[in-house]
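Residues per chain, in single letters:
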Amino acid sequence: MTSKRVGREAVVVGAGVGGIAAAGALAPFFDRITVLERDRLAAEPAWRLGAPQGRHVHVLLAGGQRALEQIFPGFTEALLAGGAVATRANSDSRFEAPGFGVMPQRDFGWLAYNASRPLIEFTARRCAEGLGVEFRERARVRSLEADVAGRTVLAVHYEDDARASHRLAADLIVDASGRGHPTLDLLEALGRPAPEETVIGVDLAYASVVLERPPDPPRDWKVVLTLPEFPQSTRAGLIAPIEQDRWILTLGGRQDDAPPTDEPGFRAFAASLSTPTISGAIAGARLAGDIASYGFRDSVWRRFERLEALPRGLIPFSDSVCRFNPVYGQGMSVAAQEGALIAEILSERAAAPDPLAGLADEFLEKAQAVIEGPWQMSAIPDFANPATRGERPPNIDQILAYGAAFGELARRDAEVHKLDAEVRQLIKPPSALADPALTARVMAVMREMQPAA
């Protein structure tokens, strides 16, 4: 293990899933890993004020779960021990999509692991602590310090709960703060340009609640997703099982169509979805807490890889680079895969004379491949809503028609359906869908679906 060391001190800003994954990935390569988190970190799974979206449904895609297992061997077993619910991929899920009806519930051959965001985060944090990672709670990062020439980042400055200032020197700093302010503020202080941003305005509003599972729940599904019927409605809903024999339900709408946070209004919103599945399921379910609301305005991809070299020893990471529309459940899983990518890069660099030289450039360049597929899988469906803001592809109508035909082919063909799921679950890259024979089949369905002249 000692031969893998590339530095003495690494600091990670932020103890969300992204920061924890980064810390775990770095653990074999540094003598000391410190994670600075502005929130309190409870001794059990609990909501954090700094992660208000944590009270809503979170999906750990198969690719993300496998990446966390790679970083933290035993993570999945620990998650199950904490109460996570294993479900059979697709056969335990009811997927309701206007235009397709209910997709066939085929068994794809792997398990999905359903849990609350607090349990996922807590389990990953305990795994990181087992690798020697130190977490400092109530540590509010104020700035990053660079050398006089601005070529190298030297330290993090932060305040503790008593407002005392601290300087923490580091060979490597990973900015997993979420908004990326430490990195952006440093670039501004050095007189360097901020990265270009690709922004898609989705104006999403959603509300969630934990429910006690009814004594006689539906037997034909454990997870149900009801999609909206554009353009008549933007309303959608998702129920998933979580620990302690409970359900978590998220309802969402776009623009001004926000779900109410009072129980009668919330239930009425559920009843207005395109099918009665969710409202019927929760009719006998008692709320186990308050209804929490959250708004998400923009998906943002900061193109750090297009800048001249960042100061040595600084890596923007996870949501600091790309913040995904949460509807598609990609954020945690992409962050986990970015962590696995850092570990892979450092393993290859460990024997180099200066393994940290150019590390950020290599990571950001290779991270594009991790981000691009999930970004496209969310951006294109978002543009199906005419009110979505952003630069639409010039052939968006054709892309959407192709997507509809692909969905119809997946409904008909079990192998295509499974392949689509493997790509959406980040098990396989989007290039797996580019097979010419498959494309020809989709085009044939497109022609079939075109209205008669």
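Residues numbered from 1 in each chain as written. Predicted model: local features only at pLDDT ≥ 70, side-chain atom pairs only at ≥ 80, totals over all residues. Heavy atoms only, no water.

(A) Local environment of the overall build of the protein. Check the secondary structure of the protein and you find twelve helices and 18 strands. Viewed in the frame of its principal axes, the protein has a C-alpha envelope of about 65 × 50 × 40 Å. For the protein, the proportion of its 453 residues judged to be buried stands at 52%. Considering only contacts within the protein whose residues lie at least 6 apart along the sequence, 70% involve residues at least 24 apart. Surface summary for the protein: the accessible area is close to 20,100 Å², and the carbon and sulfur share equals 51%. Counting 49 positive and 59 negative side-chain charges, the protein places the centres of these two groups 1 Å from one another. (Helix = DSSP H or I, 4+ residues; strand = E, 2+ residues; numbered from the N terminus. Buried < 20%, exposed > 50% of the residue type's maximum accessible area, 1.4 Å probe, protein only. Contact = heavy atoms within 4.5 Å. Areas by Shrake-Rupley, 256 points an atom, 1.4 Å probe, with all protein chains shown as cover. Lys, Arg positive; Asp, Glu negative; His and termini not counted. Charge placed at Lys NZ, Arg CZ, Asp CG, Glu CD.)

(B) Looking closely at the sheet that holds strand 18 (residues 322-323). Judged by pairing direction, the sheet is mixed, and its eight strands sit side by side in the order 5-4-13-14-15-12-16-18 without closing on themselves. Strands at the two margins of the open sheet, each flanked by one partner only, are strand 5 (101-102) and strand 18. Against the sheet, helix 9 (residues 359-382) makes contact with strand 12 (197-212), strand 15 (246-254), strand 16 (292-302) and strand 18, and its axis sits at roughly 120 degrees relative to strand 16, the strand it touches most. (Pairing = 2+ DSSP bridges. Axes fitted to C-alpha atoms, helices over the stretch in contact; angles between N-to-C directions.)

(C) Highlighting the pattern of salt bridges. On inspection of all chains with the given rule, the structure shows 40 salt bridges. The partner of aspartate 203 in a salt bridge is arginine 297, and the shortest N-O contact between them spans 3.3 Å. Of this pair, aspartate 203 sits in strand 12 while arginine 297 sits in strand 16, and the two are 94 residues apart along the sequence. In this structure arginine 297 comes out as exposed when scored by relative accessible area, which is 53%. The network of salt bridges with shared partners includes Glu37, Asp39, Arg48, Arg117 and Glu121. (Salt bridge = Lys/Arg side-chain N within 4 Å of Asp/Glu carboxyl O.)

(D) Structural context of the sheet that holds strand 2 (residues 30-36). Ordered in space as 7-2-1-11-17, the five strands form an open sheet in which the pairing is parallel. Among the strands making up the open sheet, the edge pair consists of strand 7 (134-136) and strand 17 (314-316). Put simply, the sheet's adjacent strands are angled 20 degrees from each other on average, direction ignored. In the sheet, strand 1 (residues 7-13) pairs with strand 2 via six bridges, with the strands oriented parallel. Pairing of glycine 7 across the sheet is with phenylalanine 30, part of strand 2.

(E) Region of interest: unusual backbone geometry. Positioned with a positive phi, arginine 163 is a non-glycine residue whose angle comes to about 65 degrees. Inspection of the secondary structure assignment puts arginine 163 in the loop between strand 9 (153-159) and strand 10 (165-169). With relative accessibility at 63%, the residue arginine 163 sits in the exposed group. Phi is positive for aspartate 203, which is not a glycine, with a value near 45 degrees.

(F) Molecular detail of the packing of aromatic side chains. Counted under the stated rule, the structure contains six aromatic pairs. Within the aromatic cluster, the residues linked to one another by ring pairs are Trp301, Phe324 and Trp375. (Phe/Tyr/Trp six-rings, centres within 6.5 Å; stacked < 30°, edge-to-face > 60°.)

(G) Representation of the environment of glutamate 415. Tracing the backbone through its elements, the reader meets glutamate 415 in helix 11 (residues 414-424). C-alpha separation for the pair glutamate 415 and phenylalanine 108, spaced 307 residues apart in sequence, amounts to 9.2 Å.

(H) Up close: the environment of isoleucine 173. As for its position among the elements, isoleucine 173 is in strand 11 (residues 172-175). For isoleucine 173, a relative accessible area of 0% corresponds to the buried category. Isoleucine 173 sits 139 residues away from threonine 34 along the chain, and the two C-alpha atoms are 9.7 Å apart.

(I) Local environment of the packing of helix 10 (residues 396-412) against helix 11. Interaxial distance between helix 10 and helix 11 falls to 5 Å at its minimum, and their mutual angle equals 120 degrees. One way to sum up the angle between helix 10 and helix 11 is to call them oblique. When the axes of helix 10 and helix 11 are compared, the crossing they make is left-handed. Side by side, helix 10 and helix 11 meet where Phe406, Leu409, Ala410 and Arg412 of the first sit next to Ala414, Val416, His417 and Asp420 of the second. Of the residues in the contact of helix 10 with helix 11, the class split is five nonpolar, one polar and two charged. (Parallel < 35°, antiparallel > 145°, perpendicular 65-115°, else oblique. Left-handed = near helix turned anticlockwise from the far one by under 90°. Nonpolar A, V, L, I, M, F, W, Y, C, P; charged D, E, K, R; others polar.)

(J) Helix 8 (residues 331-349), seen in detail. When the terminal C-alpha atoms of helix 8 are compared, their 27 Å separation across 19 residues agrees well with the 27 Å that a helix rising 1.5 Å per residue should span. Burial runs high along helix 8: 15 of the 19 residues are buried. (Expected span 1.5 Å × (residues − 1).)

(K) Quick look at the side chain of threonine 275. Positionally, threonine 275 belongs in the loop between helix 6 (263-271) and helix 7 (277-282). At 2.5 Å, the side chain of threonine 275 forms a polar contact with the side chain of glutamate 96. Among the polar contacts made by the side chain of threonine 275, one reaches the side chain of threonine 277 at a distance of 3.3 Å. Those residues in contact with threonine 275 that lie beyond four places of it in its chain are Glu96 and Thr226. (Polar contact = N/O pair within 3.5 Å; in protein donor to acceptor, adjacent residues only side chain to side chain.)

(L) Quick look at the pairing of strand 14 (residues 236-242). Among the seven residues that make up strand 14, seven are buried, leaving the element largely enclosed by the rest of the structure. Neither face of strand 14 is left uncovered, since the one carrying Ala236, Leu238, Ala240 and Ile242 and the one carrying Gly237, Ile239 and Pro241 both have all their residues buried. Here strand 13 (residues 223-226) runs beside strand 14; their pairing, made up of three bridges, is antiparallel. Of the residues in strand 14, the one forming a bridge with leucine 225 is leucine 238. The sheet contact formed by strand 14 and strand 15 spans seven bridges and is antiparallel. Residue glycine 237 lies in a different strand from strand 15, and its bridge partner there is leucine 251. A loop of three residues connects strand 14 with strand 15, the two strands running antiparallel in sequence, and glutamine 244 in this loop sits at a positive phi of about 65 degrees.

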